[in-house]
Amino acid sequence: MSATLIDGKAVAAKLNSETAKAVAELAKQGKTTTLAVVLVGDEPASQVYVRNKIRTCGEVGIISREVRMPATSTTEEVLAAVKALNDDDSVDGILVQSPPPPQVDEEKVIEAIDPDKDVDCFAERNVGRLLIGQKEGFRPCTPWGVIELLKHYNIDPAGKHAVVIGRSNIVGKPMAALLMQKGATANATVTVVHSRTPDISRYTRDADILVAAIGKANFVRGEMVKEGAVVIDVGINRIFDEKLGKNRLTGDVNFEECVEKASMITPVPGGVGPMTIAVLMQNAYTAAKLRFEKKN
Ligand code: GUN
């Protein structure tokens, strides 16, 4: 079998055009939407992600404010920048690109962001709301992007065995929570495996839906995938390609092997990546709308 490709770029473009309409509608009522993106340091991958986020803001009519801080910034300096953005009434959403340099206490930074401006859905209040299944408010960008892909391709996780590889706060944990939720595009039986799980293949070989978010290039091999499974690759790894003689992006899934086993599969790039940004744009709009409604 050769799998159908899940086209994240096309689905993201559709979501972005809906967001652009909603943002324009809000603007007609006199409310602009502004997203502040804080980048601490000059890590090349983070710079690329931030550039893509800022570019997409422009495409959907969201005003972006880029705040660049030196790699030597202290936690206190980043907290001060966040506080200034919290206090700035023209800013609707705030995102601090992760990971910051090691001397910066990321937990403190996340908790300093006004939960009403937390477009990453990283703050305690918003993670709590997600876990108890509240429909309103912010959605975790990458996991919700995966749910939108499943929805678009009519893949219903209900009653299926979904296996999530990875337990990060950004992807693995919220991904598992969304898939197990009661509701549409959910109701799965979920297993989470991670770096301390012995014999990961034992679980992945039973997965109807396999979500790889472990941050290791080509980690999922063909023999780890059940015939006909849906394979979602969240990984973005930079590797040196001997044949090309230069660096290229690759996911957590060995695409060439797994495309022969899966029924549907996301490519890297062009799969989950654009969806993360599309959901971020939705969240920025949600932040603006909620703030506008609160005021009026
Ligand atoms: N780094 C990798 N993914 C993300 C994300 O979704 N949000 C932020 N802030 N940083 C990231």
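On a predicted model such as this, the values are computed, not experimentally measured, just so you know.

Draft legend 1. Expanded view of the site of the ligand. With respect to spatial proximity, the complete set of residues near the ligand consists of K53, L95, V96, Q97, S98, D120 and F122. Contact between the ligand and Q97: a nitrogen atom at 3.2 Å from a side-chain N or O atom of the residue. One of the backbone N or O atoms of S98 is found 2.8 Å from a nitrogen atom in the ligand. When the ligand is considered free in solution it has 280 Å² of accessible area, and contact with the protein chains removes 84% of it.

Draft legend 2. Molecular detail of the side chain of T142. Relative to the helices and strands, T142 is located in helix α6 (residues 141–152). Among the polar contacts listed, one links the side chain of T142 to the side chain of T276, at a separation of 2.9 Å. Non-local contacts of T142, meaning those with residues more than four positions away in its chain, are made with V171, V234, V272 and T276.

Draft legend 3. Quick peek at helix α10 (residues 272–295). Look at α10: 35 Å from first C-alpha to last across 24 residues, which is about the 34 Å you get at 1.5 Å a residue. With 17 of 24 residues buried, α10 lies mostly within the body of the structure.

Draft legend 4. Fine view of the state of the cysteines. Scanning all chains against the criterion turns up 0 disulfides. Lacking any disulfide linkage, C121 is separated from the closest cysteine sulfur, that of C141, by 7.8 Å. Residue class for C141 comes out buried when judged on its relative accessible area of 6%.

Draft legend 5. Seen up close, the pairing of strand β8 (residues 230–233). Burial along β8 is two-sided: the residues V230 and I232 and V231 and D233 are all buried. Note: strand β7 (residues 209–212) against β8, 4 bridges, orientation parallel. Along β8, the bridge assignment pairs L210 with V231. The sheet contact formed by β8 and strand β11 (residues 264–265) spans 2 bridges and is parallel. Bridge assignment links V231 to a residue of β11, and that residue is I265.

Definitions and cut-offs
Residues numbered from 1 in each chain as written. Predicted model: local features only at pLDDT ≥ 70, side-chain atom pairs only at ≥ 80, totals over all residues. Heavy atoms only, no water. Near = heavy atom within 4 Å. Polar contact = N/O pair within 3.5 Å; in protein donor to acceptor, adjacent residues only side chain to side chain. Areas by Shrake-Rupley, 256 points an atom, 1.4 Å probe, with all protein chains shown as cover. Helix = DSSP H or I, 4+ residues; strand = E, 2+ residues; numbered from the N terminus. Contact = heavy atoms within 4.5 Å. Expected span 1.5 Å × (residues − 1). Buried < 20%, exposed > 50% of the residue type's maximum accessible area, 1.4 Å probe, protein only. Disulfide = S-S within 2.5 Å. Pairing = 2+ DSSP bridges.

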